[in-house]
Amino acid sequence: MLKKSQELKDEILRLTKEYYSQTINEKDIYKIGDRIPYAGRVYDEKEMVNLVDSSLEFWLTSGRYTNIFEEKLSEFLQVKFCHTCNSGSSANLLAFMALTSQLLSERRIVPGDEVITVAAGFPTTVTPVIQYGAIPVFLDVTIPQYNIDCRKLEEAVTEKTKAVMIAHTLGNPFDLKQVKAFCVEHNLWLIEDNCDALGSQYQLDGQWKYTGTIGDIGTSSFYPPHHITTGEGGAVYTDNPLLSKIVLSLRDWGRDCSCPSGVDNMCGSRFERQFGELPFGYDHKYVYSHFGYNLKMTEMQAAVGVAQMDKLSFFINKRKENWETLHSKLKDLSDFFILPEPCLNSMPSWFGFLLTVRKNDFFTRDELVNYLENQNIQTRTLFAGNLTKQPCFNKMRNENQGYGVVGHLTNTDIIMNHSFWIGVYPELDNQKLDYMINKIKTFIEKFNGEL
């Protein structure tokens, strides 16, 4: 009976491969003028086979594939502990909330403490700080790297500062040498939001390391536009065993027990200990040391991630190639655009190609973006632009409380008003890249008679 079941399963998986080959693989033939998205899923029959395989096992929550995915990601990043979760935003929540644990004693973040960050980015890098009751302190960014202006760090630090939490913008590492040294000097935690930068590298003390592994804790997102995808999904990683323990507790309801799903009494003393004011011997699986959540990744998401990990090196290299193509073929338009530049001592795994329209009398960022969108080229702004000017900050801004700003957010406002980006994801081939380049140049050339 078991042999027959396995044969039936093998046939289902064979048919899944055939389905991919006859349908999915043939429907995406590009024609000039077709929509060119800024990002998207890149997959083949292996992801589909894994997905069906996991569904047939019907474990559903975290299980075999999740363990494999975490091991592969940990091995790739060369980091000791890697814990998956249901989104990159949840990963940021877990990373920040881990630093509020009582297990960290005097280093724990408490409400009213300050966290240095930037306003030019994605909101969920900052949301956990605000929701907990800590105070984000916003610094400006540099152009053309679009990362934190390290010259403002010393001005931002106070006796209440406990951490720095910032992202590597569109895959471009921030100045980890300066930021890391600043955090060490002032005994601050460093959270690297690595959601847009999986595979980016930075040379520190003569050694190349992956971004997300240089600070105390790093995060990733596996939403479809990112470097790899599981549909929804994220991860938190660290070399610190205590932070790893806290993250697991917070992710899994806040429980004290570290047994994985479906496993009981891994510690061998499930009914033999005293916890708080609970009765002696209370079931350890239902003892809670943190106010936590259920943010686990599902098994079917992880199954897709396992197949994606085998493609990650190709994805990274293709993103780099596409970025270089855009940079080399658009550099003759530097009178009109500020082109992006990588951080010193870095090898970015690019998420997008960011352009800032220089001040001119002929066209605006919005006019160019509307033109490109009408030409079926998808564009994006740099996320929130200036986060402090978003509607969710209205009440905080009007009451002059809840966050701080050091200096002026001059470059942040420039980005909000004049910057946009286009894709570099692996499915973009030379035909699509040339189409995007030609359309940008065509737009500029219409002003030739006026310039």
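Residues numbered from 1 in each chain as written. Predicted model: local features only at pLDDT ≥ 70, side-chain atom pairs only at ≥ 80, totals over all residues. Heavy atoms only, no water.

A. Molecular detail of unusual backbone geometry. Following Ile143, the chain continues to Pro144 via a peptide bond in cis, the omega torsion being 25°. Topologically, Pro144 is positioned in the loop between strand S3 (135-139) and helix H6 (153-156). The phi torsion at Phe58 lies on the positive side, around 55°, for a residue other than glycine. Structurally, Phe58 is set in the loop between helix H2 (45-57) and helix H3 (64-77). Residue classification places Phe58 among the exposed residues on the basis of a relative accessible area of 58%. The phi dihedral of Trp253 is positive, around 70°, even though this residue is not glycine. Positionally, Trp253 belongs in the loop between helix H8 (241-251) and helix H9 (299-309). Judged by its relative accessible area of 40%, Trp253 is partly exposed. (Helix = DSSP H or I, 4+ residues; strand = E, 2+ residues; numbered from the N terminus. Buried < 20%, exposed > 50% of the residue type's maximum accessible area, 1.4 Å probe, protein only.)

B. Inspection of the sheet that holds strand S6 (residues 201-204) at higher detail. An order of S7-S6-S11 is seen for the three strands of this open sheet, with the pairing classed as antiparallel. With partners counted over all chains shown, the strands left at the sheet margins are strand S7 (207-210) and strand S11 (346-347), one partner each. Relative to S7, S6 is paired through four bridges, and the arrangement is antiparallel. The partner of Leu204 across the bridge, within S7, is Gln207. (Pairing = 2+ DSSP bridges.)

C. Fine view of the side chain of Thr169. Along the chain, Thr169 falls in the loop between strand S4 (161-167) and helix H7 (176-185). Overall, the relative accessible area of 10% leaves Thr169 in the buried class. Looking at Thr169, its side chain comes within polar contact range of the side chain of Asn147, at 2.9 Å. When sequence neighbours within four positions are dropped, the list of residues in contact with Thr169 reads Tyr146, Asn147 and Leu382. (Polar contact = N/O pair within 3.5 Å; in protein donor to acceptor, adjacent residues only side chain to side chain. Contact = heavy atoms within 4.5 Å.)

D. Structural view of the pattern of salt bridges. Throughout the structure, instances matching the rule amount to 24 salt bridges. Between Glu18 and Arg14 there is a salt bridge, with the nearest N and O atoms lying 3.1 Å from each other. Of this pair, Glu18 and Arg14 both sit in helix H1 (residues 2-22), four residues apart, which is roughly one turn of the helix. Residue class for Glu18 comes out partly exposed when judged on its relative accessible area of 32%. Residue Arg14 is classed as partly exposed on the basis of its relative accessible area of 41%. (Salt bridge = Lys/Arg side-chain N within 4 Å of Asp/Glu carboxyl O.)

E. A look at H2. In this model H2 runs 18 Å from its N-terminal to its C-terminal C-alpha over 13 residues, within 8% of the 18 Å that 1.5 Å per residue would give. Residues of H2 that are buried: Glu47, Met48, Val49, Asn50, Asp53 and Ser54. Contacts made by the buried residues of H2 are with H1, H3 and H9. Two to three positions downstream of the cap, the backbone nitrogen of Lys46 sits 2.9 Å from a side-chain oxygen, assigning the N-cap of H2 to Asp44. Phi turns positive, to about 55°, at Phe58, one or two residues after H2. (Expected span 1.5 Å × (residues − 1).)

F. A look at the pairing of strand S12 (residues 352-357). The buried fraction of S12 is high, at six of six residues. Along S12, one buried face is formed by Gly352, Leu354 and Thr356 and the opposite face, lined by Phe353, Leu355 and Val357, is buried too. By the bridge criterion, two bridges tie strand S10 (residues 337-338) to S12 in an arrangement that is antiparallel. Bridge pairing in S12 links Ile338 to Thr356. Bridge analysis of S12 against strand S14 (residues 419-423) gives five bridges, and the strand direction is antiparallel. When the sheet's bridge partners are listed, Leu355 is paired in S14 with Phe420.

G. How the structure looks around the environment of Gln131. One can find Gln131 in helix H5 (residues 127-132). Along the chain, Gln131 and Ile338 lie 207 residues apart, while their C-alpha atoms are 36 Å from each other.

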